[in-house]
Amino acid sequence: MSTRPRKGRVPATRRPPARGRTRRPGKRRQRADDRLIGLLVAVGLAVGLVVALVNWLLAHWWVLIVPGTLAGLAGGGRLYQKQQRARWEAVRAQGLRYGLSQLDALHHTRFEDAVRDLMRRDGCTDAARVGGGGDLGADVKATDPYGRRWVIQCKHRRNGLAGSPVGTPHLQVLNGTARQVHGADVAVIVTNGRVTAPAVVFAKQQRLHVVDRHTLGVWASGSRPLWELLRAVPPPRKPTALS
């Protein structure tokens, strides 16, 4: 019998065995190794430079005196300038004077600044103008050398005595906020104009202080502090060299 391959079948062929492949290190790994080596070299150089610098400074320690001396001189110069500015500011404050005509010509915000500066002249180093929208009746706040807290409402009149007078409603605003809101020991209203008689009576009843045009003129043109010009000012809160 003859053995013939059946039709439709393809004789199977064997594939040659796969050759073993040799793997080479990847490029990423090689780059990482290069970066690590570079970093180690840089660290080594930096450490070497630091050690060399320290050894040089130990051998030449006198070099450190020069920058230290320069820094001390610069610091001393800045401190001296600061002290000089403080002295000149104190001299300027002690010599501060205003005439009523000067105060009349001011804008109302500059009038508040003038009242603040006069309080500083009197020794209230923290005097600040706080007037503006929502000030709740306080235009200037200050603490005098005796520890008393002053809250001042300013009413500037461009025309002085000819302007509208300060009335009881103005004092009612001050009376309602000075102590309860602002913690005032001394509540004051200052004006370069007139104050109505009912307002003066209300001020006495509520222990408020009124600085009218006459009192303002004496205060602004002289060197006496405001508390020496007002009656029934509360006693000092704390003992000081002035008390």
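Asker: I'm lost on the overall build of the chain in this one. Help?
Answerer: Across its full length, the chain carries seven helices and five strands. Of the regular secondary structure in the chain, the N- to C-terminal order runs α-α-α-α-β-β-β-α-β-α-β-α. Across the 243 residues in the chain, those meeting the buried criterion constitute 32%. Summed over all atoms, the accessible surface of the chain reaches about 17100 Å², with 58% contributed by carbon and sulfur.

Asker: Please clarify how the pattern of salt bridges should be interpreted in this entry.
Answerer: A side chain with one charge can pair with a side chain of the opposite charge if their charged atoms come near. Following the criterion strictly, the structure yields eleven salt bridges and no others. Salt-bridge contacts for D122 lead to R121; the nearest nitrogen and oxygen are separated by 3.4 Å. As far as the burial class goes, D122 and R121 line up, both buried. Between R237 and D185 there is a salt bridge whose closest N-O contact spans 2.7 Å. Here R237, found in the segment after α7 (213–221), pairs with D185, found in the loop between α5 (168–177) and β4 (186–191); they are 52 residues apart in sequence, far enough to count as distant. One salt-bridge network, held together by shared partners, links R110, E112, D113, R116, D117 and R129.

Asker: What is the right way to read the packing of α5 against helix α6 (residues 197–205) from this model?
Answerer: Two elements in contact, α5 and α6, have axes whose closest approach is 8 Å; the angle formed by their N-to-C orientations is 20 degrees. Between α5 and α6, the interaxial angle falls into the category roughly parallel. As for the relative orientation of α5 and α6, their crossing is right-handed in sense. Across the interface between the two elements, T168, L171, Q172 and N175 of α5 pack against P198, A199, F202 and A203 of α6. Here the residues of the contact of α5 with α6 sort into five nonpolar, three polar and no charged.

Asker: It is not clear to me how a positive patch on the surface should be interpreted in this structure. Could you clarify?
Answerer: Residues K27, R28, R31 and R35 make up a contiguous surface patch of positive charge. Within the secondary structure, R28 is located in helix α1 (residues 27–59).

Asker: Please explain the sheet that holds strand β5 (residues 209–211) as it appears in this structure.
Answerer: Where strands meet in a sheet, backbone hydrogen bonds hold them as pairs that are either parallel or antiparallel. In spatial order, the strands read β1-β2-β3-β4-β5; together these five strands make up an open sheet with mixed pairing. Each of the sheet's edge strands pairs with one partner strand only, and the pair in question is β1 (128–129) and β5. By the bridge criterion, three bridges tie β4 to β5 in an arrangement that is parallel. Opposite V190, over in β5, you have V211 as the bridge partner. Seen against the sheet, helix α4 (residues 108–121) touches β1, β2 (140–143), β3 (149–155) and β4 and runs at an angle of roughly 150 degrees to β3.

Asker: Please clarify how the packing of α4 against α7 should be interpreted in this entry.
Answerer: In the contact formed by α4 and α7, the axes pass within 10 Å of each other and the chain directions differ by 55 degrees. It follows that α4 is oblique to α7 by the angle criterion. As α4 runs across α7, the sense of the crossing is left-handed. Here F111, V115, L118, M119 and R121 of α4 lie close against α7, whose contacting residues are L216, W219 and A220. Partitioned by chemical class, the residues of the contact of α4 with α7 number seven nonpolar, no polar and one charged.

Asker: Help me out: how do you make sense of the nonpolar core in this one?
Answerer: For soluble globular proteins, nonpolar side chains are generally found buried alongside one another. Membership of the largest hydrophobic core comes to 27 residues, with the highest contact counts inside it found for V115, M119, W150, I152, V188 and V190. Sort the elements by how many residues they give to this core and α4 lands first, with five residues. Residues in contact with V190, not counting those within four places in the same chain, are F111, V115, I152, Q153, C154, K155, V211 and L216.

Asker: Can you walk me through the environment of V195 in this structure?
Answerer: Residue position: V195 is located in the loop between β4 and α6. It is 9.0 Å that separates the C-alpha atoms of V195 and V211, two residues lying 16 residues apart in sequence.

Asker: Quick question: what am I supposed to make of α5 here?
Answerer: Three or four residues apart is the spacing at which side chains of an α-helix point the same way, because the helix has 3.6 residues per turn. Of the positions making up α5, those classed as buried are T168, L171, L174, N175 and T177. Those residues of α5 that are buried lie in contact with β3, β4, α6 and β5.

Asker: It is not clear to me how the environment of A197 should be interpreted in this structure. Could you clarify?
Answerer: Tracing the sequence through the fold places A197 in helix α6. Each C-alpha atom, one on A197 and one on T168, is 8.9 Å from the other, the two residues being 29 residues apart in sequence.

Calculation criteria
Residues numbered from 1 in each chain as written. Predicted model: local features only at pLDDT ≥ 70, side-chain atom pairs only at ≥ 80, totals over all residues. Heavy atoms only, no water. Helix = DSSP H or I, 4+ residues; strand = E, 2+ residues; numbered from the N terminus. Buried < 20%, exposed > 50% of the residue type's maximum accessible area, 1.4 Å probe, protein only. Areas by Shrake-Rupley, 256 points an atom, 1.4 Å probe, with all protein chains shown as cover. Salt bridge = Lys/Arg side-chain N within 4 Å of Asp/Glu carboxyl O. Axes fitted to C-alpha atoms, helices over the stretch in contact; angles between N-to-C directions. Parallel < 35°, antiparallel > 145°, perpendicular 65-115°, else oblique. Left-handed = near helix turned anticlockwise from the far one by under 90°. Contact = heavy atoms within 4.5 Å. Nonpolar A, V, L, I, M, F, W, Y, C, P; charged D, E, K, R; others polar. Patch = residues over 30% accessible without salt bridge, like charges linked within 9 Å, V, L, I, M, F, W, Y side chains within 5 Å. Lys, Arg positive; Asp, Glu negative; His and termini not counted. Charge placed at Lys NZ, Arg CZ, Asp CG, Glu CD. Pairing = 2+ DSSP bridges. Core = buried A, V, L, I, M, F, W, Y, C linked by side-chain atoms within 4.5 Å.

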